[in-house]
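# Notes for the structure review
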Amino acid sequence: MTGALSHFRICDFTGQLAGAGATKWLAAFGADVIRIEDPVRQGRWDILRGLGPFVDERRGNDLGGGFNNHNTNKKGITLNLRTQKGKDLLREIIAVSDAVTENFAAGVLEKWGFGYEALKEIKPDIVYVSNCGFGHKGPYSRFKTWGPIVQAVSGLTFSSGLPDQPPAGWGYSYMDHTGGYYMAMAIMLALLERDKSGKGQWVDLACTEAGLSLHGPALLDWTVNHRPLRRPEGINSNRSQCAPMAPHGIYPCSGEDGSGEDGSGEDGSAGEGSEEEGSGDDEWIAISCRHDGDWQKLAGLITEIPQDLSATWCEDFNSQGQRLANEDELDRKLANWTSRWQKFDLQQRLRQLEIPVAAVQKPQERIDQDPTTQNFGLWPTVEHTEMGEVRVDGLPVHFSETNWELTTGAPCLSEHTEQVLVDLLGKTPDEVATLREEGVV
Amino acid sequence: MSALTGVRVVEIANERIAFAGKLLGDMGADVVLVEPLGGDPTRLLPPFVNDEPGENRSLYFMHYNTSKRSMILDLDSEEGRATFLKLIETSDVLIESEPTTRLSSLSLDYADLVKVQPKLIHTAMTPYGRDDPLSDLPVTDLTLMAAGGPPWSCGYDDHNLPPVRGWGNQGYQTGCHYVFMSVLTALLYRNVTGVGQFIDVSMTAALNVTTEAASYAWLVCEATVQRQTGRHAAVVPTGETQIRCADGRYVNTGVPPRFPVEFKKLLDWMTEINLVESFPEAVFLEMGANWDGQFDLSLIGEDESITAIFSAGREALVQIANSITAYEFFIGCQRAGLSVGVIYSPEEAFEDEHFKARGFPVEVRHDDLELTLTYPGAPYQLPLSPWGISRRAPHAGEHTNEILADLA
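Worth saying up front: this structure is predicted, and the values here are computed from it rather than measured.

So, about the overall build of chain B. For chain B, the helix and strand inventory stands at 17 helices and 13 strands. In terms of its C-alpha atoms, chain B occupies a principal-axis envelope of roughly 80 × 50 × 45 Å. Counting all 408 residues of chain B, 56% fall into the buried class. The long-range share in chain B, meaning contacts at least 24 apart out of those at least 6 apart in sequence, stands at 64%.

Next comes the structure, spelled out in structure tokens:
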């Protein structure tokens, strides 16, 4: 065996990110993941297929950048499940698969005649993992979702924000990524169960439940102490939620060169009205002081390099109690000071002092300029049949014996139909050509 | 019995890795939490049961350490190290988030451990990976998130407001998701080959690949997404999706109506709650409802009728939202086939009938406190290998003697 999971075959109906992200993990470790798509709708159920970003001026159903990112190392075939022959071919594939995976709305696969009972008849120990927003059971099982809806209903949108503002939420589908992680876990847990007991099962994954389980301490504070997160004073989620820490926030920095120690950045850009807000440059830094020791070192630096400001205010915040009780004022004073710095200069200084710090990195900075992601090999280049060489998200792990590998891009529509039907199911190329003419594949 | 029954996991206590141990333990693994003298510091983190501080009253610790046993071991002592090696000898998996050279300095790193347990799966989770010295600098969930990318995409249309980090230790938890997936992968491999391995998990790398288009828009065409209030960060600004309802609460309207049947249902709904009279654009909803075939979405902004119909669809949602509660809006839209979500606080979601009907809240007996407490339940439902909290979080060293006896 070459990959950790190369002894598994997945009959994969997943798409978007919440599903495709799960089987991407399996494929990266060598699992034979066969994506089944609908030739009539040209696989457009997965809206990412033809959606940007695009590598060049070409547009089309095989050229979606997100689709490529989430479907590396997978095979893609088309099967028209409206036809009996299409259904028969699917049965043949299921018979030689370990798992069937999908993230349709509840009930779709069943309507096509491939609910769990039918799958079990074809392959008694099959693992079936369905992933939808609210699961297949319960009052909302027919409701439709996508990432932001899951985040809204599971409390994640609400718990991300600033006071006196509407919820900020997550500026991307955090729960499509994370729903995909839970789906991968569910598939592997069920395969481990099968290794032990020889039995398959249907895992009914509800993304909203996975999302809700990410709020542990807050939910216990509710069930035990009856303290809600919906509070009159609102939420400042840049502050520490449980451990008492202050300062603990995201503070503005200057985008201008030379705004460090020589004071040449002193042009009023961080002056009037900017104490609570940004410098307008959209450059930011996150700083956490865990205890008095961190604060004393930070106050020492503020005193050493006051940036033409008075540093005497630091004395009002010597104890953790003072800092926590006057956190708004502390944040304003600190923001005024940080806004005279470039974020990477200040990050360097605070790293030397061993205070928890990180520049809020833009995509370009963390992908192309941050040596930590490059050294980790986080952005592999895959070869896509139409797009050519494209960089994609790698996996944030390395295995000493069976490391992951991403080499091929997402499959173009029906790219591997002939290969799979011939190699896996033993059809002849002529038979495949006939099936194509008949509109079966 | 569950999927991981029979798998023994050693976890070296650390606030960053605790969630991975919980994920393993709640699926049946025997997780032994190895704590330093005096116990793990997160035992003292708020909130506390009834707001009364105390070592065995931290709800934070209780949540992240369900289904584990605890053993006190001083790894700085010869005796502690010897016991640790004996423990590893009986174990399948080690998970830890120690400083990068601590275990090697104690002669307890992977190279040492495989001598007593050749099939060991050793997973180390660090801020930047095991080989990067930056991993030894102090971090918090906030700083990991900032470095890894999420806050750049989260916040408000007004970029004078800072980027926002979502609550809930999501940075730690994302790293732990990858630890758990890695361990499961390595177990599946070991089941057929008998071979264990060392796994290096980077927390910031995990966040870097959990940012959706922020990463791949740059990777594919060097475009940079910009954050927007309550919706996806985007390269080209998009329309608002978050609406405040009559009760002051918010909903996310998701994808606006785009099929004739959706316009029809929207029109029917407005009629039902008597809003049509005061909504002049209702005529466009009717046009949308009677449209022949699919809309060509690429003509929005170009074709006058299509533009008017889509704008009426969005405006209708706002009008309806202004007259009913967020919950009513959520239910009404979903019944009309529109993918809309009420923006619940976590406790509101927890109390919702749907999650109760699915059995999400679970009770855990705390014999020590003479209390039965309600916890968040299964993130996935595996009928043959059920998720479950097998025991409350342990007291510091509660199982030291029991485990020592087992090893003797």
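With that settled, the discussion passes to the overall build of chain A. A count of helical and extended segments in chain A gives 17 helices and twelve strands. Counting only C-alpha atoms and orienting by the principal axes, one finds that chain A spans roughly 85 × 50 × 40 Å. The proportion of buried residues among the 441 residues of chain A is 57%. Excluding contacts between residues fewer than 6 apart, the proportion of contacts in chain A whose partners are at least 24 apart in sequence is 71%.

Looking now at the sheet that holds strand β9 (residues 242-244) of chain B. All names here are of chain B. Strand order in the open sheet made by the three strands is β9-β10-β11, with antiparallel pairing throughout. The open sheet has two edge strands, β9 and β11 (341-342), and neither has a second partner. Here β9 runs beside strand β10 (residues 250-252); their pairing, made up of three bridges, is antiparallel. Paired with Gln242 across the strands is Asn252, a residue of β10.

Turning our eyes to something else, we now look at the interface of chain B and chain A. In this assembly, 129 residues from chain B lie in contact with 132 residues from chain A. Classifying every residue of the side of chain B that touches chain A gives 74 nonpolar, 43 polar and twelve charged. Here strand β12 (residues 397-399) of chain A runs beside strand β6 (residues 197-202) of chain B; their pairing, made up of three bridges, is antiparallel. Bridging from a neighbouring strand, A:Val397 pairs with B:Val201 of β6(B).

The subject of this paragraph is unusual backbone geometry. Note the cis peptide between A:Ala246 and A:Pro247, where omega equals -5°. For the peptide bond that leads from B:Pro46 to B:Pro47, omega is 0°, which places it in the cis range. Mapped onto the elements, B:Pro47 comes out in the loop between β2 (30-35) and α2 (59-64). If you check the backbone angles, A:Gln42 has positive phi at about 50° while not being a glycine. Following the sequence through the fold, A:Gln42 ends up in the loop between β2 (32-37) and α2 (65-70). The exposure class assigned to A:Gln42 is partly exposed, which follows from the 15 C-beta atoms found within 10 Å. With a phi angle near 60°, A:Glu354 is a residue other than glycine that sits in the positive phi range.

Right, let's get into the sheet that holds β2(B). Read from one edge to the other, the open sheet built from seven strands follows the order β12(A)-β6(B)-β5(B)-β4(B)-β1(B)-β2(B)-β3(B), with strand pairing classed as mixed. On the outer flanks of this sheet lie β12 of chain A together with β3 (68-72) of chain B, each paired with one strand and no other. Direction aside, neighbouring strands of the sheet carry axes that sit 20° apart on average. Here strand β1 (residues 8-12) of chain B runs beside strand β4 (residues 93-96) of chain B; their pairing, made up of three bridges, is parallel. Residue pairing across strands places B:Glu11 opposite B:Ile95, the latter belonging to β4(B). Of the strands in this sheet, β1, β2, β3 and β4 of chain B touch helix α1 (residues 18-25) of chain B, which is tilted by about 155° from β2(B). Where helix α8 (residues 170-193) of chain B meets the sheet, its contacts fall on β12 of chain A together with β4, β5 (121-126) and β6 of chain B, and the angle it forms with β5(B) comes to roughly 165°.

Below, the discussion takes up the nonpolar core. Counting 245 residues, the largest nonpolar core has A:Leu26, A:Met185, A:Ala186, A:Ile187 and B:Val251 as the members making the most contacts within it. When residues in this core are grouped by element, the largest group, 14 residues, is from helix α7 (residues 174-197) of chain A. In this structure, A:Leu26 is in contact with A:Leu5, A:Phe8, A:Ile10, A:Ala31, A:Val33, A:Ala184 and A:Ile187, ignoring residues within four places of it in sequence.

With that settled, the discussion passes to the domain arrangement of chain B. Along its sequence, chain B is organised into domain 1 (8-210 + 357-407) and domain 2 (250-342). Taking the mean C-alpha position of each, domain 1 of chain B and domain 2 of chain B sit 47 Å from one another.

Let's shift gears to the domain arrangement of chain A. Where interface size is given, it is often the accessible area lost as the parts come together that is meant. If you check the domain split of chain A, you get domain 1 (9-213 + 375-437) and domain 2 (248-360). One C-alpha centre belongs to domain 1 of chain A, the other to domain 2 of chain A; they are set 45 Å apart.

All names here are of chain B. In this structure, strand β12 (residues 362-366) lies alongside strand β13 (residues 371-375), joined through five bridges in antiparallel fashion. The partner of Val364 across the bridge, within β13, is Leu373. Between β12 and β13, which pair antiparallel one after the other, the connecting turn spans four residues, and Glu370 there sits at a positive phi close to 50°.

Turning our eyes to something else, we now look at the environment of A:Leu301. Residue and element names in this part refer to chain A. Relative to the assigned elements, Leu301 resides in helix α10 (residues 292-304). Residue class for Leu301 comes out partly exposed when judged on the 18 C-beta atoms lying within 10 Å of it. When the C-alpha positions of Leu301 and Ala311 are compared, they lie 9.7 Å apart, and in sequence the two are ten residues distant. Apart from residues lying up to four places away in sequence, Leu301 is in contact with Arg349 and Leu353.

We now examine α7(A). Residues and elements named next belong to chain A. Helix length check: α7, at 24 residues, gives a terminal C-alpha distance of 34 Å against a target of 34 Å (1.5 Å per residue), a fit within 8%. The element α7 is extensively covered by neighbouring structure, given that 21 of its 24 residues are classed as buried. Following α7 by one or two positions, Gly198 adopts a phi angle in the positive range, close to 75°.

Attention shifts here to the pairing of strand β5 (residues 127-132) of chain A. Residue and element names in this part refer to chain A. Of all the six residues making up β5, six are buried; the element is thus mostly covered by neighbouring parts of the structure. Here β5 shows no split at all, with Val127, Val129 and Asn131 on one side and Tyr128, Ser130 and Cys132 on the other all buried. The pairing of strand β4 (residues 99-102) with β5 spans four bridges and is parallel. Its bridge partner being in β5, Glu102 is matched across the sheet by Ser130. Inspection of the sheet shows β5 paired to strand β6 (residues 202-206) by five bridges, in the parallel sense.

All names here are of chain B. It is the contact of helix α12 (residues 282-289) with helix α13 (residues 304-321), at a shortest axis distance of 8 Å, that shows an interaxial angle of 115°. The orientation of α12 with respect to α13, classified from their angle, is roughly perpendicular. By crossing handedness, the relation of α12 to α13 is classed as left-handed. Each of Phe284, Leu285, Met287 and Gly288 in α12 lies in contact with α13, whose residues at this interface are Ser305, Ala308, Ile309, Ala312, Gly313 and Ala316. Of the residues assigned to the contact of α12 with α13, the class counts are seven nonpolar, three polar and no charged.

Turning to α10(A), a few remarks are in order. Residues and elements named next belong to chain A. The end-to-end C-alpha separation of α10 is 18 Å, in line with the 18 Å expected for 13 residues at 1.5 Å each. Every buried residue of α10 is accounted for by Asp294, Trp295 and Leu298. Looking down the long axis of α10, one finds its buried residues gathered within 95° of arc, a one-sided arrangement. Facing away from the buried side of α10, by more than 90 degrees, are the exposed residues Gly293, Thr303 and Glu304. Considering only its buried residues, α10 is in contact with α11 (320-325).

What follows deals with the environment of B:Leu404. Its place among the elements puts B:Leu404 in helix α17 (residues 400-407). Sequence separation between B:Leu404 and B:Phe310 is 94 residues; the distance between their C-alpha atoms is 69 Å.

On to the confidence of the model for chain A, then. When pLDDT is averaged along chain A, the result is 94; 95% of the residues meet or exceed 70. Confidence drops under pLDDT 50 across residues 258-275 of chain A; counting only partners more than four residues distant or on other chains, this segment forms 31 contacts.

Cut-offs and rules
Residues numbered from 1 in each chain as written. Chains lettered and ligands numbered in written order. Predicted model: local features only at pLDDT ≥ 70, side-chain atom pairs only at ≥ 80, totals over all residues. Helix = DSSP H or I, 4+ residues; strand = E, 2+ residues; numbered from the N terminus. Buried ≥ 20, exposed ≤ 12 C-beta atoms within 10 Å, placed from the backbone. Contact = placed C-beta atoms within 7 Å. Pairing = 2+ DSSP bridges. Nonpolar A, V, L, I, M, F, W, Y, C, P; charged D, E, K, R; others polar. Axes fitted to C-alpha atoms, helices over the stretch in contact; angles between N-to-C directions. Core = buried A, V, L, I, M, F, W, Y, C linked by C-beta atoms within 7 Å. Domains from an automatic or database assignment. Expected span 1.5 Å × (residues − 1). Parallel < 35°, antiparallel > 145°, perpendicular 65-115°, else oblique. Left-handed = near helix turned anticlockwise from the far one by under 90°. Arc of directions from axis to C-beta. pLDDT = per-residue confidence, 0-100.

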